[in-house]
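Fold and geometry: a report
Each chain is listed here by its residues.
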Amino acid sequence: MRYAEIGYNLEVDLTLGSIERVETDPRDTELYLGGLGTNAKILWDRVPSEVEPFSPDNLLIFSAGLLCGTPATGCNRTIVSTISPQTELMAFSMMGGFWAPELKYAGYDKVIFRGKSPDLVYLWIHNDTVEIRDASHLKGKGATETAELIREELKEPKAQVAAIGLAGENRVYFASIEQGRSSASRLGIGAVMGDKGIKAIAVRGTKDINVARPAEFMELCNEVLEYIKFRNENPIPGVMTILQGLGSPQEMKVHDEKWHTENFMWGNARVRRKEFWNEEVAKAWMETLETMRTRLISCYNCPMTCGATITPPGLPTFMMKCFSKLTYTMAAFSDLEFGLGIAQSATEYGVDGFSTPQVMAFALELYENGILTDDDFPGMPSDNEGRFYWLLDRIVRREGIGDALANGTYWAAKQIGKGAEEYAHNTIKKHEQLPLKLSMLNPIYFLMYATGEKINITQIEGQFPQAPFPTMEEREAFVKDWFQVPDEKFKQILLDWEPRGEKSMPYYPTVQMCCDIVDWQEKMHYIDDALGMCAGLSSFPLKPPYHIHNYPKFISSGAGIEMDEDKLTQAIKRYRTLVRAINIRRGMRRKDEKPPEDHWKKRFPELEKELLDTYYKFKGWNNEGIPTKESLYELGLDYVFEDFDKRGIYSDNGAAPSKETLAEQEKEV
Ligand code: SF4
């Protein structure tokens, strides 16, 4: 018997119109867990590096995490993996909401799409009945509108529907997949879904899931719930509001936006507005929020209520997804009312809330600087907010200048030329980043930005405080009940970390300490993405309820795979290395691993080199960031070494300049 996981995937060939229910190998679960881990194994095995994102041979995998659908609180993530049109590297976006548990209850762990449908279709999964259905009547419909129409058509109000909007249909490189109050947004996975001709996947399941040792598992779940209650009643003192609790409360519950509005950049990641937040703004924004926020809501099996339904005047109600609340407001130098209103359109169109506002502000910056002219914006309104709505519409339709902009700032700048590349200044690995520009190099964040492969800083940071506490008293208070640390040494690092002087940034934490911290942070996110856990209860906050000490127990009693911390660490290392191997095989090298040039004003090239050298070594990668033969053999990834060797990938080793990535070779304009 299989526990926690179902043991069956759905394989859908859209070219042939065939659907198969395929049994999976339990040994893969032991080695790679589920979710991201087994997705990476499938992509490695079945999508060689020659396959382009919009090729029928590219796969699009929707996976429930290993523990999704069990009673583990907050375990509801769907991990969507494919090859990204934006970076041409592996994409592994994930979404919360309700879809993944429903898929498990229908009797499947993953849905794997290959091929392309000649007509727009949707997939309907209802326990053992699975059909590809015509979606021509849904063409051009919004993502949430589509979900509603499908539920009505199927007469299944409880069906969970993941859908794309117009942006996905038109292969916008930052198109998202929308579901419930969540969204898988990064790296253009919605564009791949549109390219394959899939408008939506609706699922309804009423079966059970087996848990290996139910009593033990429930005890662990109850401990987590009790701890959540404790943390909600005892916010962490001395850290910014959004880090005091769990989940993503800054989205809709917490109203104090001083930190975001004054620390993040406005426009196309250009200007910091240090004294923006005042009583007047706070009052006006509070009124907007109270008027438009109709209900606080949660994802499946979670008590946190960190999302909300929003009803902007004259527009349909929508569920606000994470991290979109302020991004449009700040890109347009506008107010919260505008931001919440345009987020409704953006959700229906299905676009990423980080990239889209930056792309639109970038276009207007090019216009203001004469690189784009009136001829590029025929009929654009003259008012600021109107321009953003107009641009959003052009982008998702790929009309006029919107066609280039739909490829994101990196590719659009290359296509537009005339110096536009200077303005595409906030990308890593060709994808827009958080609009942050800071002063002093932060060595921990340098490593995260440079080496992260999810291309989203919020999906790698967490666990360790972002800044030192000013007084020893505060530090001692923090470390006192910090049982989540994987090693006691982290407490000492924090105790010694000073805001100024010898033990301050950028030289403290030391290079080795930075490697340890980043590795811990990354490890937690990779566990979440395999188990399907919300980062808001595990990898992202300080002192979370899920951690390296209780996760092995959840896996053992839930999935029946005997696990301890060492075995879990080894499994994470294995699939984390596999993700890197996929990207290395697609051309990613050291030269791609750098934060935007102007991310920090004060840079330290020698220290940065040492950080990267040491971290690569620490991870078992060579100087080009390529996993070494020894580390691959140690992880049982011999097949990766053999493939690398055959392709001559190790000849990139050392000081030789690295080759252009495939994307650069083929897309240079
Ligand atoms: S903490 Fe928030 S985002 Fe995470 S599962 Fe719960 S409601 Fe969803």
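Refer to the structure above for everything that follows.
Residues numbered from 1 in each chain as written. Predicted model: local features only at pLDDT ≥ 70, side-chain atom pairs only at ≥ 80, totals over all residues. Heavy atoms only, no water.

1. Concerning the overall build of the chain
If you tally the helices and strands in the chain, you get 26 helices and 21 strands. Radius of gyration (C-alpha) of the chain: 24 Å, near the 26 Å computed for a compact globule of 669 residues. Across its three principal axes, the chain shows a C-alpha extent of roughly 60 × 60 × 55 Å. Within the chain, the fraction of its 669 residues that count as buried is 65%. A sequence separation of at least 24 residues applies to 69% of the contacts in the chain between residues at least 6 apart. (Helix = DSSP H or I, 4+ residues; strand = E, 2+ residues; numbered from the N terminus. Rg over C-alpha atoms; globule rule 2.2 N^0.38 Å. Buried < 20%, exposed > 50% of the residue type's maximum accessible area, 1.4 Å probe, protein only. Contact = heavy atoms within 4.5 Å.)

2. Here we look at the site of the ligand
Lining the immediate surroundings of the ligand are Asn-76, Arg-77, Arg-181, Gly-247, Ser-298, Cys-299, Cys-302, Met-304, Cys-306 and Cys-534. When its residues are assigned to classes, the shell around the ligand shows five nonpolar, three polar and two charged. (Near = heavy atom within 4 Å. Nonpolar A, V, L, I, M, F, W, Y, C, P; charged D, E, K, R; others polar.)

3. Let's talk about the sheet that holds strand 4 (residues 78–83)
With mixed pairing, the six strands of this open sheet are ordered in space as 2-1-6-3-4-5. A strand with exactly one partner marks an edge of an open sheet, and here the two such strands are strand 2 (18–23) and strand 5 (90–95). Between one strand and the next, the sheet's axes are offset by a mean angle of 15°, whatever the strand orientation. The pairing of strand 1 (residues 8–13) with strand 2 spans six bridges and is antiparallel. Residue pairing in the sheet places Asn-9 in a bridge with Val-22 of strand 2. (Pairing = 2+ DSSP bridges. Axes fitted to C-alpha atoms, helices over the stretch in contact; angles between N-to-C directions.)

4. Focus on the side chain of Lys-543
For Lys-543, the position within the fold is in the loop between helix 20 (511–531) and helix 21 (551–559). You can call Lys-543 buried: its relative accessible area is 6%. Looking at Lys-543, its side chain comes within polar contact range of the side chain of Asp-481, at 2.7 Å. The contacts of Lys-543, once residues within four sequence positions are left out, are Tyr-227, Arg-231, Ile-236, Leu-246, Ala-477, Phe-478, Asp-481, Trp-482 and Gln-484. (Polar contact = N/O pair within 3.5 Å; in protein donor to acceptor, adjacent residues only side chain to side chain.)

5. Remarks on the environment of Glu-153
Tracing the chain through its elements places Glu-153 in helix 4 (residues 143–154). C-alpha separation for the pair Glu-153 and Tyr-32, spaced 121 residues apart in sequence, amounts to 38 Å. Setting aside residues up to four positions removed in sequence, Glu-153 forms contacts with Tyr-122, Arg-133 and His-137. At a separation of 2.6 Å, a polar atom in the side chain of Glu-153 contacts the side chain of His-137.

6. Looking at the state of the cysteines
Using the criterion set out here, one finds zero disulfides in the structure. Left without a disulfide partner, Cys-515 is nearest to the cysteine sulfur of Cys-514, which lies 6.9 Å away. The class of Cys-515 is buried, set by a relative accessible area of 0%. (Disulfide = S-S within 2.5 Å.)

7. A few points about the sheet that holds strand 15 (residues 293–297)
The antiparallel open sheet is built from three strands, whose spatial order is 15-16-17. Pairing within the sheet leaves two strands with one partner each, and these edge strands are strand 15 and strand 17 (318–319). Bridge count for strand 16 (residues 307–310) against strand 17 is two bridges, and the pairing is antiparallel. Paired with Thr-309 across the two strands is Met-319, which belongs to strand 17. With respect to the sheet, helix 10 (residues 279–292) is in contact with strand 15 and strand 16, its orientation differing from that of strand 15 by roughly 75°.

8. Here we look at the packing of aromatic side chains
Between two aromatic rings, the relevant description is the distance of the centres plus the angle of the planes. On inspection of all chains with the given rule, the structure shows 37 aromatic pairs. Relative to Phe-113, the ring of Phe-62 lies with its centre 6.1 Å away and its plane at 85°, an arrangement referred to as edge-to-face. One end of the pair, Phe-62, is in strand 3 (residues 60–64); the other, Phe-113, is in strand 6 (residues 110–114), and 51 residues separate them in sequence. Comparing Phe-62 with Phe-113 shows no difference in burial state: the two are buried. Judged by centre distance (5.0 Å) and plane angle (70°), the ring pair of Phe-478 and Trp-482 falls under edge-to-face. By way of ring pairs, the aromatic residues Phe-464, Phe-469, Phe-478, Trp-482, Phe-490, Trp-497 and Trp-520 are connected into one cluster. Lying across the ring of Tyr-8, Arg-21 places its NZ or CZ 3.6 Å from the centre. In this arrangement the basic side chain of Arg-585 is found over the ring face of Trp-44, its NZ or CZ atom lying 3.7 Å from the centre. (Phe/Tyr/Trp six-rings, centres within 6.5 Å; stacked < 30°, edge-to-face > 60°. Lys NZ or Arg CZ within 6 Å of the ring centre and 35° of its normal.)

9. Some remarks on the pairing of strand 16
Alternating residues of strand 16 divide into Gly-307 and Thr-309 and Ala-308 and Ile-310, and every residue in both groups is buried. Bridge count for strand 15 against strand 16 is four bridges, and the pairing is antiparallel. Residue Ile-297 lies in a different strand from strand 16, and its bridge partner there is Gly-307.

10. Things to note about the pattern of salt bridges
Under the defined criterion, the tally for this structure stands at 53 salt bridges. Between Glu-453 and Arg-576 there is a salt bridge, and its shortest N-O distance comes to 2.8 Å. Of this pair, Glu-453 sits in the loop between helix 17 (443–451) and helix 18 (472–480) while Arg-576 sits in helix 22 (residues 565–585), and the two are 123 residues apart along the sequence. Lys-619 serves as the salt-bridge partner of Asp-519, at 2.9 Å between the closest nitrogen and oxygen. Of the two residues, Asp-519 sits in helix 20 while Lys-619 sits in helix 23 (residues 605–619), which places them 100 residues apart along the sequence. The residues Asp-519 and Lys-619 share a single accessibility class, namely buried. (Salt bridge = Lys/Arg side-chain N within 4 Å of Asp/Glu carboxyl O.)

11. Some points on unusual backbone geometry
That bond from Met-505 to Pro-506 is cis: its omega, 10°, falls within 30 degrees of zero. Tracing the chain through its elements places Pro-506 in the loop between helix 19 (489–496) and helix 20. In the segment running from Tyr-508 into Pro-509, the intervening peptide bond is cis, with an omega of -5°. On the secondary structure map, Pro-509 appears in the loop between helix 19 and helix 20. Located in the positive-phi region is Leu-33, a residue other than glycine, with phi close to 55°. Structurally, Leu-33 can be placed in the loop between helix 1 (26–32) and helix 2 (36–46).

12. Some points on the nonpolar core
Of all hydrophobic cores here, the largest spans 134 residues; its most connected members are Leu-447, Phe-464, Phe-554, Leu-568 and Phe-644. For Phe-464, the contacting residues outside a window of four places in its chain are Trp-482, Phe-490, Ile-493, Leu-494, Trp-497, Ile-517, Trp-520, Gln-521 and Leu-542. (Core = buried A, V, L, I, M, F, W, Y, C linked by side-chain atoms within 4.5 Å.)

All quantities given are derived from atomic positions and should not be read as evidence of function.
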